[in-house]
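Examining the three-dimensional arrangement
The primary structure of each chain is shown beneath.
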Amino acid sequence: MRYLKIIILVTFLVGCGGNSSNSSIQTPQSVDAGGSGKGGSMARFVISGDYLYALNKRDLTLFDISKPSEPLPETKVSVPFDVETLFSYGDYLYVGAEGGVYIYTKPINDKGFERVATFTHTKSCDPVVVQNDLAFITLRSGSSCRLSSVENSLQILDVKNPLQPKLIYTKNLIEPKGLGIDNDKLFICDGAGGLKTFNVVKMQNSETNETTVSINLDRNSTKAEIDCYDLIPDNGNLVVSNGDDVRQFDYTKLPMIELGKIK
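Thresholds applied
Residues numbered from 1 in each chain as written. Predicted model: local features only at pLDDT ≥ 70, side-chain atom pairs only at ≥ 80, totals over all residues. Heavy atoms only, no water. Disulfide = S-S within 2.5 Å. Helix = DSSP H or I, 4+ residues; strand = E, 2+ residues; numbered from the N terminus. Buried < 20%, exposed > 50% of the residue type's maximum accessible area, 1.4 Å probe, protein only. 1 Å grid on protein atoms, 1.4 Å probe; cavity = no way out; pocket = protein on both sides within 12 Å on 5 of 7 lines; lining within 4 Å. Points joined across faces, edges and corners; volume = space filled by probe spheres on them. Pairing = 2+ DSSP bridges. Phe/Tyr/Trp six-rings, centres within 6.5 Å; stacked < 30°, edge-to-face > 60°. Lys NZ or Arg CZ within 6 Å of the ring centre and 35° of its normal.

**What to know about the state of the cysteines**
Counting across every chain of the model gives one disulfide. Note on cysteine connectivity: C189 is disulfide-linked to C228, with sulfurs 2.1 Å apart. One disulfide, between C189 and C228, carries an S-S torsion of -115 degrees and so falls in the left-handed class. Highlighted residues: C189 in strand β17 (residues 185-189) and C228 in the loop between β19 (211-217) and β20 (230-234), separated in sequence by 39 residues. Neither C189 nor C228 differs from the other in exposure class; each is buried.

Below is the structure:
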């Protein structure tokens, strides 16, 4: 049986966490023996190489962490007031916000952050993850988002050209929160619908060169009893968190097998 990975619970301010500016929530961060990290979809910071990108309600800041004991802020850019989450993919940063997804270039040489695109959607809670030029977004309604939106759905964007994100798929859900993608497996915390597993098939039309996707629910691996907040899929291991505990599952073979729980 696989060993239970080290989990660090990071408490941070989240834009969609509640009405109070002091609202906080916990999301998992998995750390391997080599010191690299992979955050959940609700995270407000990401590590990429020797750099840490951190998001607050005012700024997106780059820190040099090549010397972990002496992190140095290098550059920052002001961000819209409605930002919520941060995800790194390739040369770009994807910022989930109440009104959409903002795409920024990572600072290179003397160039700082630059917002190169904005995808606008119905105002709602909005974490985003990216893989293979596809961005996966969950939109959630409810008072915890400080908004009156009735949208509860999964949206998928084609970001092959990050300067022109394009909506290619929408699926209605119950109350989606955190999500994660690993190869063809998409995991979503869907409130009363539980922890859901979907199979994702990406297709390319040879004539139009347009990208399409097919999403199918894996009913055998959906766990309706788990009302989770965020999750991290990582090479066959799924770390799932809610307000009470952190659980780990092995999804190398489906249905998933639970490996352990931390209260």
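**Details of the layout of surface pockets**
Estimated volume of the second largest pocket: approximately 180 Å³. D158, K160, N161, Q164, K166, L167, I168, T208, N209, E210, T211 and T212 are the residues that line the second largest pocket. Taken together, the elements giving at least two residues each to the lining of the second largest pocket come down to β15 (166-172) and β19. When residues of the lining of the second largest pocket are assigned to their parent elements, the largest contribution, three residues, is made by β15.

**Topic: the pairing of strand β22 (residues 246-250)**
For a regular strand, side chains alternate in direction, first toward one face of the sheet and then toward the other. Counting buried residues in β22 gives five out of five residues, a clear majority hidden from the surface. On β22, burial covers both faces: V246, Q248 and D250 on one face and R247 and F249 on the other are all buried. Relative to β22, strand β21 (residues 237-241) runs antiparallel, the two sharing five bridges. Bridge assignment links V239 to a residue of β22, and that residue is Q248.

**Some thoughts on the packing of aromatic side chains**
How two aromatic rings sit relative to each other is given by the distance of their centres and the angle of their planes. If you walk through the whole model with that rule in mind, you get two aromatic pairs. Relative to F113, the ring of Y53 lies with its centre 6.2 Å away and its plane at 70 degrees, an arrangement referred to as edge-to-face. Taken together, the residues Y53 in strand β5 (residues 51-55) and F113 in the loop between β10 (100-105) and β11 (114-120) connect sequence positions 60 residues apart. Y53 sits in the buried class, given a relative accessible area of 4%. Against the face of Y102 rests R115, its NZ or CZ located 4.6 Å from the ring centre.

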